[in-house]
Amino acid sequence: MSWIDGVFALLLAGMTAFGAHRRLTGLWVGVGGVLLLRPVLGLAAASPWVGLAAALGGGVLLGLVGRHLFVEARTGRVWQRVLGGLGGASLGAALVLAIAVSLPIQRSPFDPNQLYYPPRDLPPLVQGAVLRSWTMDVGRDVLLFPLLDAQNAVPEERRALLRGLHRLLVVGRPWRQEGG
């Protein structure tokens, strides 16, 4: 564990609290955001600016629709806050994992078949934290799932989860890109 895991935990806690505060609108935005994540990542792979615009537009649209769908009293019921917290937590977890798979893949200069994730050329302060990070280890397993699975390096009990997360969070085959 490192300070990066702490930052990820704060992001997850913040999204959970925000979802709980917004109650059923938080559930709507959280689940909707997770469902929009894959199309937005596809757009961002083609053009980061288009992906950013789609993410902002989708988030605003989800928020406005949720606000009109769920007109709630100031003091919502506990079950509404719990559902909102679950929505926020799901979106927070998806965002944390999206960040954990987003670093570039580095190739060894001596063996082009040797890949490093996270890359070994990050700034020193970040490099040590990333290498000790549990979250970045999970991100590596999600990102490189097809390669790890082909080598039978994925435990059977984690295979379905990693396959699903890979399909949600990884666009294309980034390990095949030159210079990556």
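To be clear, the structure that these remarks concern was listed above.
No experiment lies behind these values; they were computed from the predicted model shown.

Definitions and limits used
- Residues numbered from 1 in each chain as written.
- Predicted model: local features only at pLDDT ≥ 70, side-chain atom pairs only at ≥ 80, totals over all residues.
- Heavy atoms only, no water.
- Helix = DSSP H or I, 4+ residues; strand = E, 2+ residues; numbered from the N terminus.
- Buried < 20%, exposed > 50% of the residue type's maximum accessible area, 1.4 Å probe, protein only.
- Contact = heavy atoms within 4.5 Å.
- Areas by Shrake-Rupley, 256 points an atom, 1.4 Å probe, with all protein chains shown as cover.
- Lys, Arg positive; Asp, Glu negative; His and termini not counted.
- Charge placed at Lys NZ, Arg CZ, Asp CG, Glu CD.
- Expected span 1.5 Å × (residues − 1).
- Axes fitted to C-alpha atoms, helices over the stretch in contact; angles between N-to-C directions.
- Parallel < 35°, antiparallel > 145°, perpendicular 65-115°, else oblique.
- Nonpolar A, V, L, I, M, F, W, Y, C, P; charged D, E, K, R; others polar.
- Arc of directions from axis to C-beta.
- Patch = residues over 30% accessible without salt bridge, like charges linked within 9 Å, V, L, I, M, F, W, Y side chains within 5 Å.
- Salt bridge = Lys/Arg side-chain N within 4 Å of Asp/Glu carboxyl O.
- Left-handed = near helix turned anticlockwise from the far one by under 90°.

Participant: What exactly am I supposed to notice about the overall build of the chain here?
Facilitator: If you tally the helices and strands in the chain, you get 8 helices and 2 strands. Across its three principal axes, the chain shows a C-alpha extent of roughly 65 × 35 × 35 Å. When each of the 180 residues of the chain is scored for burial, the buried share is 36%. Contacts in the chain between residues at least 24 apart in sequence constitute 68% of all its contacts with a sequence separation of at least 6. A total of about 10,900 Å² of accessible surface is found on the chain, and carbon and sulfur atoms cover 67% of it. If the 17 positive side-chain charges of the chain are averaged to one point and the 10 negative ones to another, these points end up 12 Å apart.

Participant: Even after reading the chapter, I still don't get helix α8 (residues 156-169), so can you show me in this structure?
Facilitator: The α-helix winds at 3.6 residues per turn, so residues separated by three or four positions along the chain end up facing the same way. Compared with the 20 Å implied by 1.5 Å per residue over 14 residues, the 20 Å span of α8 between its first and last C-alpha is a close match. Every buried residue belonging to α8 is among Arg159, Leu162, Leu165, His166 and Leu169, and all of these are buried. Against the buried residues of α8 lie α2 (24-46), α4 (78-100), α6 (134-143) and α7 (145-150).

Participant: Sorry, what's going on with the packing of helix α1 (residues 3-22) against helix α5 (residues 124-132) here?
Facilitator: For any two helices packed against each other, one specifies the inter-axial angle together with the distance between the axes. Between α1 and α5, whose axes approach to 7 Å, the crossing angle comes to 75 degrees. The angle between the axes of α1 and α5 places the two elements in the roughly perpendicular class. Together, Trp3, Ile4 and Asp5 of α1 and Leu125, Val126, Ala129, Val130 and Arg132 of α5 make up the contact between the two elements. Along the lines of polarity and charge, the residues of the contact of α1 with α5 split into 6 nonpolar, no polar and 2 charged.

Participant: Got a minute to help me understand helix α3 (residues 48-69) in this structure?
Facilitator: Its 22 residues place the ends of α3 31 Å apart at the C-alpha level, agreeing with the 32 Å of an ideal helix rising 1.5 Å per residue. Looking only at α3, the buried set comprises Gly51, Gly58, Leu62 and Gly66. Looking down the long axis of α3, one finds its buried residues gathered within 55 degrees of arc, a one-sided arrangement. Exposed and facing more than 90 degrees away from the buried side of α3 are Trp49, Leu56, Val60, Leu61, Arg67 and His68.

Participant: Looking at this structure, I do not really get the environment of Gly92. What am I missing?
Facilitator: Structurally, Gly92 is set in helix α4. The spacing of Gly92 and Asp121 is 29 residues in sequence and 28 Å in space, taken between C-alpha atoms. If near-sequence neighbours (up to four positions away) are discounted, Gly92 is found in contact with Leu12 and Met15.

Participant: Please clarify how a nonpolar patch on the surface should be interpreted in this entry.
Facilitator: Residues Trp28, Leu61, Val65 and Leu69 make up a contiguous nonpolar surface patch of about 360 Å² in total accessible area. Broken down by element, the nonpolar patch gets its largest block of residues, 3 residues, from α3. Tracing the sequence through the fold places Val65 in helix α3.

Participant: Explain the packing of α2 against α4 here, please?
Facilitator: It is at 7 Å that the axes of α2 and α4 come closest, and there the two elements cross at 25 degrees. Accordingly, the angle class assigned to the pair α2 and α4 is roughly parallel. Here α2 and α4 pass one another in a crossing that is left-handed. Note on element contacts: α4 touches α2 through Trp79, Gln80, Leu83, Gly84, Gly87, Gly88, Ser90, Leu91 and Ala94, opposite Leu24, Gly26, Leu27, Val29, Gly30, Val31, Gly33, Val34 and Leu37. Across the contact of α2 with α4, the residue classes tally to 10 nonpolar, 8 polar and no charged.

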